[in-house]
Structures are given as structure tokens and as C-alpha cells.
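# Residue-level structure breakdown
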Amino acid sequence: MKNFNTKVAVITGAGSGLGRAMALRLYQAGAHLALCDLNLPGLEETRHLTGELSERISLHKVDVSDRSQMLQFAQDVLTWHGHIDILINNAGISLSPALFDDISDEYFEKVINVNLWGVYNGVRAFLPHLRTRPEASIVNISSLAGLVGLYGYSPYAMSKFAVRGLSETLQSELVGTKISVLVVHPGGVKTNIIKNAIDLDENQREVAHQNFSKFALLSTDEAARQILRAVQKKKNRIILGTDAKVVNAIRQLFPGSFPAIIHAIFSKAMFK
Ligand SMILES: NC(=O)c1ccc[n+]([C@@H]2O[C@H](COP(=O)([O-])OP(=O)(O)OC[C@H]3O[C@@H](n4cnc5c(N)ncnc54)[C@H](O)[C@@H]3O)[C@@H](O)[C@H]2O)c1
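Residues numbered from 1 in each chain as written. Predicted model: local features only at pLDDT ≥ 70, side-chain atom pairs only at ≥ 80, totals over all residues. Heavy atoms only, no water.

## Description of the pattern of salt bridges
Counted only if it meets this: Within this document, salt bridges are pairs made up of a side-chain nitrogen of Lys or Arg and a carboxyl oxygen of Asp or Glu, the two lying within 4 Å of each other. Secondary structure elements are taken from DSSP: a helix is a run of H or I of four residues or more, a strand is a run of E of two residues or more, and numbering for both begins at the N terminus. Between buried and exposed lies partly exposed: a residue is buried under 20% and exposed over 50% of the maximum accessible area for its type, with that area taken using a 1.4 Å probe on protein chains only.
One pass over the full model with this rule turns up 8 salt bridges. The shortest N-O distance in the salt bridge between Arg164 and Glu168 comes to 3.2 Å. Remark: Glu168 and Arg164 occur in helix H5 (residues 154-173); sequence separation between them is 4 residues, near one turn of the helix. The class of Glu168 is partly exposed, set by a relative accessible area of 34%. Close ionic contact of Glu206 with Lys195 constitutes a salt bridge, the shortest N to O distance being 3.7 Å.

## Observations regarding the site of the ligand
To be explicit about the condition: For this description, a residue counts as near a given molecule or strand if any of its non-hydrogen atoms is within 4 Å of it. Polar contact is defined as a pair of N or O atoms within 3.5 Å, subject to the rule that within protein one atom must be able to donate a hydrogen and the other to accept it, and that residues adjacent in sequence are counted only when both atoms are side-chain atoms. The protein chains shown are the only cover counted for residues, whose accessible areas, like all others here, come from Shrake-Rupley with a 1.4 Å probe. Each residue is assigned to one of three groups, with Ala, Val, Leu, Ile, Met, Phe, Trp, Tyr, Cys and Pro labelled nonpolar, Asp, Glu, Lys and Arg labelled charged, and all others, Gly among them, labelled polar.
Taken together, 29 residues are adjacent to the ligand, and Ser16, Asp37, Asn90, Tyr156 and Thr191 come closest. Side-chain polar atom of Asp37 to an oxygen atom of the ligand: 2.6 Å apart, as the coordinates give it. Residue Val189 places a main-chain N or O atom 2.8 Å away from an oxygen atom belonging to the ligand. Calculation on the ligand without its partners gives an accessible area of 830 Å², and the protein chains cover 95% of this total. Contributing elements (two or more residues each) for the shell around the ligand: helix H1 (17-28) and H5. The residue inventory of the shell around the ligand, partitioned by class, reads 13 nonpolar, 13 polar and 3 charged.

## A look at the packing of aromatic side chains
The way to describe two aromatic rings as a pair is by their centre distance and the angle between their planes. We count it as follows: Each Phe, Tyr or Trp ring (for Trp, its six-membered ring) is paired with any other whose centre lies within 6.5 Å, and the angle between the two planes then decides the class: stacked below 30 degrees, edge-to-face above 60, tilted in between. Whether a charge sits over a ring depends on NZ of Lys or CZ of Arg being within 6 Å of the ring centre and within 35 degrees of the ring normal.
Counting across every chain of the model gives 4 aromatic pairs. Taking the centre distance of 5.1 Å and the plane angle of 80° together, the rings of Trp117 and Tyr120 count as edge-to-face. Highlighted residues: Trp117 and Tyr120, both in helix H4 (residues 105-130), separated by 3 residues, approximately one helical turn. Assessed through its relative accessible area of 36%, Trp117 is described here as partly exposed. Just above the ring of Tyr27 sits the side chain of Arg56; from NZ or CZ to the centre is 3.9 Å. Of note, Arg251 hangs over the ring of Phe258, and the distance from its end group to the ring centre comes to 5.6 Å.

## Side note on the pairing of strand S3 (residues 57-61)
We apply this condition: Strand pairing follows a simple DSSP-based rule, namely that at least 2 bridges must link the two strands. Crossovers are described as right-handed under a simple rule: with the strands pointing away from the observer, the path leading from the first strand over the helix to the second runs clockwise.
Bridge count between strand S2 (residues 32-37) and S3: 5 bridges; the pairing is parallel. Across the sheet, Ala34 pairs through a bridge with Ser58, a residue of S3. In this region the chain leaves S2, passes through helix H2 (residues 40-49) and returns to the parallel neighbour S3; the handedness of that crossover is right-handed.

## Considerations on the environment of Thr177
With respect to the secondary-structure elements, Thr177 resides in the loop between H5 and strand S6 (179-186). On the accessibility criterion, Thr177 (35% relative accessible area) is partly exposed. Each C-alpha atom of the pair Thr177 and Arg131 lies 8.1 Å from the other, and the pair is 46 residues apart in sequence. Within the local environment of Thr177, its side chain forms a polar contact with the backbone oxygen of Leu174, the two atoms lying 2.7 Å apart.

## Some words on the sheet that holds strand S4 (residues 86-89)
Here is the rule we go by: Only the stretch in contact is used when fitting a helix axis, every axis being a line fitted to C-alpha atoms; angles between N-to-C directions are given from 0 to 180 degrees. Should any heavy atoms of two residues lie within 4.5 Å, those residues are counted as being in contact.
An order of S3-S2-S1-S4-S5-S6-S7 is seen for the 7 strands of this open sheet, with the pairing classed as parallel. Lying at the two open borders of the sheet, with one neighbouring strand each, are S3 and strand S7 (237-240). Recorded for the sheet is a direction-independent mean angle of 15° between the axes of neighbouring strands. Bridge count for strand S5 (residues 136-141) against S6 is 6 bridges, and the pairing is parallel. Each residue of the ladder has a partner; that of Ile138, found in S6, is Val181. Here H5 sits on the sheet and contacts S5 and S6; the angle it forms with S6, its principal contact strand, is near 155°. Together, S6 and S7 form the strand contacts of helix H8 (residues 242-253), whose direction differs from that of S7 by roughly 110°.

## A look at the side chain of Asn90
Assignment of secondary structure puts Asn90 in the loop between S4 and H4. For Asn90, the contacting residues outside a window of four places in its chain are Thr12, Gly13, Leu18, Gly19, Met22 and Ile141.

Laid out in C-alpha cells, this is it:
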């Protein structure tokens, strides 16, 4: 997809962080946007940041983990915009770092419901409409935790490995069609993901956010720029950030000792 002008892009989780940054860049490039989030004020802020109350942008309060809401969302986007060219499955949640034994079944299920079933629901709801377009793109936001198991992030890694599995399968099944599928593996990006962690009390959020921010080195705008450039080049995978590239390279170079290396790095850094 060489340029985004007049293309219709659906972005989930566009009320904050990476989703907002991709929305702003796509808007500047002339795209029409259907933005969804659980957080309507966050979506309104994203629209406000475009500087216009434009007919080019529609806002939708949708829970991506709810299949019927996502199917309705697809119908609403068609009614508003007429068609869909780009689907960005970005909405995601995390817990604060914790060991497997200390994470309840309920928290595992919540993370999987949003991060995995949310992406599935997006593909299920929008793929039939993308198939009708002369060219189309699906972007699924996985993580470094979709390439390597990350100490302290077991539910998150489960969900993000599954996003990679679905994305790579779709890539092979959609060969010969006009639909490209990009799976994105970011390392730390400066967003509210840990501030929004679903297991934290209000009084824990700021400290957790500050701790996370020491390791999250990539700006949302730079991450968005690299993702959209990868869409234009029809890449099927990108790894974002030096941290993600280094950790992934360590995994490939030292597969046997990788768990001990990760333990040494993350157990000290994340649980102090
Ligand atoms: N920030 C990072 O370091 C990092 C690293 C790797 C991957 N990611 C991934 O990037 C994506 C974007 O996250 P972010 O870092 O911008 O975090 P963020 O918390 O700033 O933004 C996530 C957005 O998703 C929305 N959301 C959460 N649950 C939802 C639901 N059920 N339905 C609809 N919207 C929902 C939130 O309201 C929020 O606006 C996520 O998939 C995340 O896992 C982030």
C-alpha cells in the first residue's frame, strides 16, 4: 500500500499510546479513520489532537473482547465510511510484572480475552470486508513477548505468542490475495500500558508507570512511523526498538542459556 490518502483505517485501542500515535500519523497522511476504544474520552482526545472535528473520523466505544460488539462495529464502519482498507488490531492490556504462581486464573483470562480474542474478533469481523478491496492491510500488534517468553509476563506472553501464530498463519493463507498481514513486535514503548495495568490499585499506578518508563525507550510517534512504513513496504514482520532486537538476538545466539540470562536481567530489573 504505497499511500494512505483516502484509505479507511480501523484502529482498535486508539484512545491512548500507540493506537493514538498511528491514528494521528494516518490522519496527517489523508486517511479516513474509524477509531475504537473502551475509553470514549481517550478517543475524543485523539480526535481533538488532529485539530479538527472532521467527517473523516468516526469514534466507536467498543470492547474488542466482545465478538458481537466487534461485528456491530464492522457494520457501523461500513455505514459511516463505505468500506475498509486497513485494520489495525492494537488494543491491549497488561498486568504489572508478577510470577506465574501469583497470577490468578481471572487475570490470565482477562489478558487473553483482550489481547488474543480481541485480535481474533477484529480479523473475524473485518476480513470479509477487506477481501472486497483492491488492496488491503491487517496489522496485528504483538510484542517482544510474542517472540520470547518474558519473565514476569506469562499471560501477556501467552496472548502475544498467539497473536503471532494467527498472523503468520493468515500471511500464508492470504498469499496470492491483495491483503498483506504485518505482525509487530515492539519492545518498550512510552505509553500508559503499565499505568493502565488491570491488577494495580490507584495508588500503585504512578510508581509502576515510572519504573516501566525507565525501560520503555521508544516514543509512540517513532513506533507509529516505523509500523506505517512497514505497511507501505508490505513487510510481514517488524521488531521495534533496540531492546527487542537485542533480546531476540540473544535468544537466537544462546538458546540453551536464554532462560538463565533472562532471569538474571529481568528478576532484578522488574522486581526491585
Ligand atoms: N507499550 C509497550 O511497551 C508495548 C510493548 C509491546 C506491545 N505493546 C502493545 O501495543 C498495543 C497498544 O498498547 P499501548 O502500549 O499503546 O497501551 P495503552 O494502555 O496506552 O493503550 C491501549 C489502549 O487500548 C484500550 N483498550 C484496552 N482494553 C480494551 C478493550 N477491551 N477494548 C477496546 N479498547 C481497549 C485502552 O483503553 C487504551 O486506550 C497493545 O497491544 C500492547 O500490548 C505495547
